[in-house]
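One-letter residues, chain by chain:
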Amino acid sequence: MVETTMVETRMADQSIAETFASPKTGVSQRDVVRFCLMLIVLAALVALPFAARALDAANLTTLATRIVIFAIAAASLNLALGVGGMVSFGHAAFFGIGGYVVGILYQHFVSDEPLFGFISGTNQLIITAAAAILVSGLAAALFGALSLRTSGVQFIMITLAFAQMLFFLFVSLKAYGGDDGLIVRRRNVLFGLDTRDDATFYFICLAVAVAFFALLHRIMRSRFGLVLGGIRQNERRMASIGIPTYSYQLAAFVISGMGCGLAGALMANFARFVSPDMLHWMQSGELMIMVILGGAGTLFGPALGAALWIILETSLAAWTEHWQFVLGPVIILIILFFRGGLQGILTMIRGIAHG
Amino acid sequence: MTLVLEQLLNGVQLGVTLFLLAAGLTLIFGIMGVINLAHGSLYMVGAYGAALVATKTGSFALAALGGLAAAAITGMVIEFVVIRRLYARDHLDQVLATFGLILFFNQAIVLLFGRQPIFIGIPPLLSGAVQVLPGVFYPVYRLAIIVVGIAVACALYLMITHTRLGMLVRAGATHREMVRALGVDIRVLYTTVFGLGALLAGLAGLMAGPILAVQVGMGEQILIVTFVVVVIGGVGSVRGAFFGALIVGVSDTLMRAFLPGLLRGMMTGSEADALGAGLSSMGIYLLMAIVLLVRPKGLFPAHG
């Protein structure tokens, strides 16, 4: 019985893949252009710290690090929100969990007292990042399993409420700083690299981001990604051709949470500080806006959105303390009049350029 | 025993405040299909409007009018300027645009009033305590909130079941297009309902003012709890909002009051207090999770 359903599912998957994916034979000219463009952007990103040093603008590197970290977080959210159509208003929870895993493991490393009596603390980035991914994945599985029982507006409210619940949990954990947060005195170590150097840390984040985006590319092009897109477009139709939509959505939600956990782990190292603010609902909102700003459902849209949002926020904050007074209406205007986000505008321009 | 009764009343008082917010939120969602995050901002506007008039005139009655007017007018203006353009959009756009409204309102309040919380005095007529049971005294002001809340709930019930506006509201919630096809000016109906929701939120805000500090961010704190109420009660159902609000209000208050004490029996005082506070803040969300497991559509799902 189970076997037949699986076979049916697999067959259904293939038929969807065939319906959705345009037959790709060989490499088109557009793919080449796109690949070259990607290489140029990547080269620019690699050159950035050197340029910053030459220009004596060290804060450019830290700004770029923040953008790269948030690009990872926004791109993960995009998998749930843009690709899968699950409007999660609680992804900051996973971002914060990732950060707290790093912070808590570091605290136990310093105090040399094992967590729960048997997990010893560590400051190895490889281990803390893996633990962050694992724990945030578990949390996403739990929250997702419950939240996905609903849909639409309830789903939005429930994900928000779960994130808020975790926010209060960390506020009340006095052993880990409570309200005040937790200081990570030194960044985690990675092999023999000098992670205290901002440029080195930037390169670590960039490498992680490149790997992560390559993975996302694979996921979005895979049968799994196509089914997910199909569920977003019409869940009932997908279910009626035999696809277990709940499992697919849950899997995407978990992967998405894990990505945010990874970003949170990097953020905790970068800022050398974690606090409940990382899980604040404002943070969830900002991640959503990054996704929409760049263009939901696209691979690089969220990264563009993250860059634009952080640059906007940083420059407005430098200009006035009341930057949110300006930013709020800006968000409203973007939502009301530029729906496709940056990618949409780019596509529009390309359309005009090509006549 | 006295303490339990007192906390129970506190819970009911929180419950009716939550009901005022949840009723507006759920009505707006039920009829216009819009999820309005800025509902908390309207609560804040109501509280600040009342605080402003109270400090200027010293009259609580005028302050109440001021708060109501501020919230209702703000609500109708944002409906006219922003929300109206979101009816045809998906929930994601609605969430983000109203998120933008929250940022705007919070900073506008900071610009106008500063970051310092404002404290409003309880009006002399309603100050003091009254004996509710032999030996049990309870503040008059909090009792007044309970009375007003329940009165509003009854009025809302009568309005929805017995008036023309209520009939349109019910019809709009069941079949929007049909109402429009029958020649009802749906735009006016929408603005009215939104204004009504804003009025209720403002009422909740101005009544909460003397109990809590009037400060920036007060709206979001209660908004998220209101979401929990709406999810527990069933989205789009005013009856659900009422019972959901009472359940959440009472259970939240009782947990906050008694959980640390229970934990203190098991661990040291300060740790028990911190953990108790944390667990009791999480309590209503756990409650929501349990309700969802049993009834994904909430306890009192709206019809249709």
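By convention here, each chain's residues receive numbers from 1 onward along its written sequence. For this description, chains carry letters from A and ligands carry numbers from 1, given in the order in which they are written. Per-residue local features are limited, in this predicted model, to residues with pLDDT of at least 70; the limit for side-chain atom pairs, both in listing and counting, is 80 or more; totals at the level of whole chains, interfaces and linings are taken over all residues.

### A few points about the overall build of chain A
Turning to step 1, where the next piece is worked out: The way it works is that DSSP assigns letters per residue, a run of H or I at least four long becomes a helix, a run of E at least two long becomes a strand, and they are numbered from the N terminus. If you tally the helices and strands in chain A, you get 14 helices and two strands.
Turning to step 2, where the next piece is worked out: Looking at the 355 residues of chain A, the share that counts as buried comes to 47%.
Turning to step 3, where the next piece is worked out: Considering only contacts in chain A between residues 6 or more positions apart, those separated by 24 or more positions represent 77%. Here exposure depends only on C-beta density: within 10 Å of a residue's C-beta, 20 or more other C-beta atoms make it buried, 12 or fewer make it exposed, and intermediate numbers make it partly exposed, the C-beta atoms being placed from the backbone. Whether two residues are in contact depends on their C-beta atoms, placed from the backbone: they are in contact if these lie within 7 Å.

### Details of the overall build of chain B
Turning to step 1, where the next piece is worked out: Regarding its fold elements, chain B presents 11 helices and two strands.
Turning to step 2, where the next piece is worked out: Starting at the N terminus and walking to the C terminus, you meet the elements of chain B as α-α-α-α-β-β-α-α-α-α-α-α-α.
Turning to step 3, where the next piece is worked out: The principal-axis extent of the C-alpha atoms belonging to chain B is close to 65 × 50 × 40 Å.
Turning to step 4, where the next piece is worked out: Across the 304 residues that make up chain B, the buried fraction comes to 50%.
Turning to step 5, where the next piece is worked out: Counting contacts in chain B only where the partners sit at least 6 residues apart, residues at least 24 apart contribute 75% of the total.

### Re the confidence of the model for chain B
Turning to step 1, where the next piece is worked out: On average, residues of chain B score 86 in pLDDT, and 99% of them reach the 70 mark or higher.
Turning to step 2, where the next piece is worked out: ipTM for the predicted complex: 0.82, alongside a pTM of 0.84. Residue-level confidence of the predictor is summarised by pLDDT, bounded by 0 at the bottom and 100 at the top.

### Let's talk about the pairing of strand β2 (residues 136-139) of chain B
Residues and elements named next belong to chain B.
Turning to step 1, where the next piece is worked out: Bridge analysis of strand β1 (residues 129-133) against β2 gives four bridges, and the strand direction is antiparallel. The residue of β2 that forms the bridge with Ala129 is Pro139.
Turning to step 2, where the next piece is worked out: Where β1 hands over to β2, the hairpin turn is made up of two residues, of which Gly135 adopts a positive phi near 85°. Two strands make a pair as long as DSSP finds a minimum of two bridges between them.

### Examining the interface of chain A and chain B
Turning to step 1, where the next piece is worked out: Contacts between the two partners involve 38 residues from chain A and, on the opposite side, 38 residues from chain B.
Turning to step 2, where the next piece is worked out: Put simply, the parts of the chain that give the side of chain A that touches chain B at least two residues each are α6 (152-172), α11 (281-294) and α13 (323-337) of chain A.
Turning to step 3, where the next piece is worked out: Of all the elements, α6 of chain A adds the most residues to the side of chain A that touches chain B, at 15 residues.
Turning to step 4, where the next piece is worked out: By residue class, the composition of the side of chain A that touches chain B is 26 nonpolar, 10 polar and two charged. Just so you know the grouping, Ala, Val, Leu, Ile, Met, Phe, Trp, Tyr, Cys and Pro go in nonpolar, Asp, Glu, Lys and Arg go in charged, and all remaining residues, Gly too, go in polar.

### Here we look at helix α3 (residues 58-83) of chain A
Turning to step 1, where the next piece is worked out: How far a helix is expected to stretch is found by multiplying one less than its residue total by 1.5 Å. Over its 26 residues, α3 of chain A extends 36 Å from the first C-alpha to the last, a length consistent with the 38 Å expected when each residue adds 1.5 Å.
Turning to step 2, where the next piece is worked out: A positive phi of about 70° marks Gly85 of chain A, the residue just after α3 of chain A.

### Observations concerning the nonpolar core
Turning to step 1, where the next piece is worked out: Ala71, Ala74 and Ala161 of chain A together with Val228 of chain B are the most contacted members of the largest nonpolar core, which has 204 residues in total.
Turning to step 2, where the next piece is worked out: Residues contacting Ala71 of chain A, with those up to four places away along its chain left out, are Ala209, Pro302, Ala303, Ala306 and Ala307 of chain A. For this analysis, nonpolar core means a set of buried Ala, Val, Leu, Ile, Met, Phe, Trp, Tyr and Cys residues linked through C-beta atoms within 7 Å.

### Considering the packing of helix α8 (residues 223-233) of chain A against helix α10 (residues 245-271) of chain A
All names here are of chain A.
Turning to step 1, where the next piece is worked out: Angles run from 0 to 180 degrees between N-to-C directions of axes, and those axes are lines fitted to C-alpha atoms, restricted for helices to the stretch in contact. Running from N to C, α8 and α10 point in directions that differ by 115°, and their axes come no closer than 10 Å. Relative to α10, the element α8 lies roughly perpendicular. Crossing of α8 against α10: the hand is left-handed. Between α8 and α10, the residues in contact are Val227, Leu228 and Ile231 and Thr245, Tyr248, Gln249 and Ala252, respectively.
Turning to step 2, where the next piece is worked out: In the contact of α8 with α10, the residues fall into five nonpolar, two polar and no charged. The cut-offs work like this: below 35 degrees is roughly parallel, past 145 is roughly antiparallel, 65 to 115 is roughly perpendicular, and the gaps in between are oblique. Two helices crossing with the near one rotated counterclockwise from the far one by less than a right angle form a left-handed crossing, whereas a clockwise rotation gives a right-handed crossing.

### Some remarks on the environment of Gly85 of chain A
Turning to step 1, where the next piece is worked out: Relative to the helices and strands, Gly85 of chain A is located in the loop between α3 and α4 (92-111).
Turning to step 2, where the next piece is worked out: In sequence terms Gly85 of chain A and Arg232 of chain A are 147 residues apart; their C-alpha atoms lie 4.7 Å from each other.

### Here's the deal with helix α9 (residues 218-233) of chain B
Residue and element names in this part refer to chain B.
Turning to step 1, where the next piece is worked out: Helix length check: α9, at 16 residues, gives a terminal C-alpha distance of 23 Å against a target of 22 Å (1.5 Å per residue), a fit within 8%.
Turning to step 2, where the next piece is worked out: Counted residue by residue, α9 has 15 buried out of 16 residues, so it is predominantly covered.
Turning to step 3, where the next piece is worked out: Backbone geometry just after α9 places Gly234 at a positive phi near 110°.

### A closer look at the packing of helix α2 (residues 39-57) of chain B against helix α8 (residues 186-208) of chain B
All names here are of chain B.
Turning to step 1, where the next piece is worked out: Following both chains from N to C, one finds α2 and α8 inclined at 50°, their axes separated by 7 Å at the closest point. On the basis of the axis angle, α2 is oblique to α8. The element α2 and its partner α8 pack so that their crossing is right-handed. Residues His39, Leu42, Tyr43, Met44, Val45, Gly46, Ala47 and Ala50 of α2 form the contact with α8, whose own contacting residues are Ala198, Ala201, Gly202, Leu203, Ala204, Gly205, Leu206 and Ala208.
Turning to step 2, where the next piece is worked out: Of the residues in the contact of α2 with α8, the class split is 12 nonpolar, four polar and no charged.

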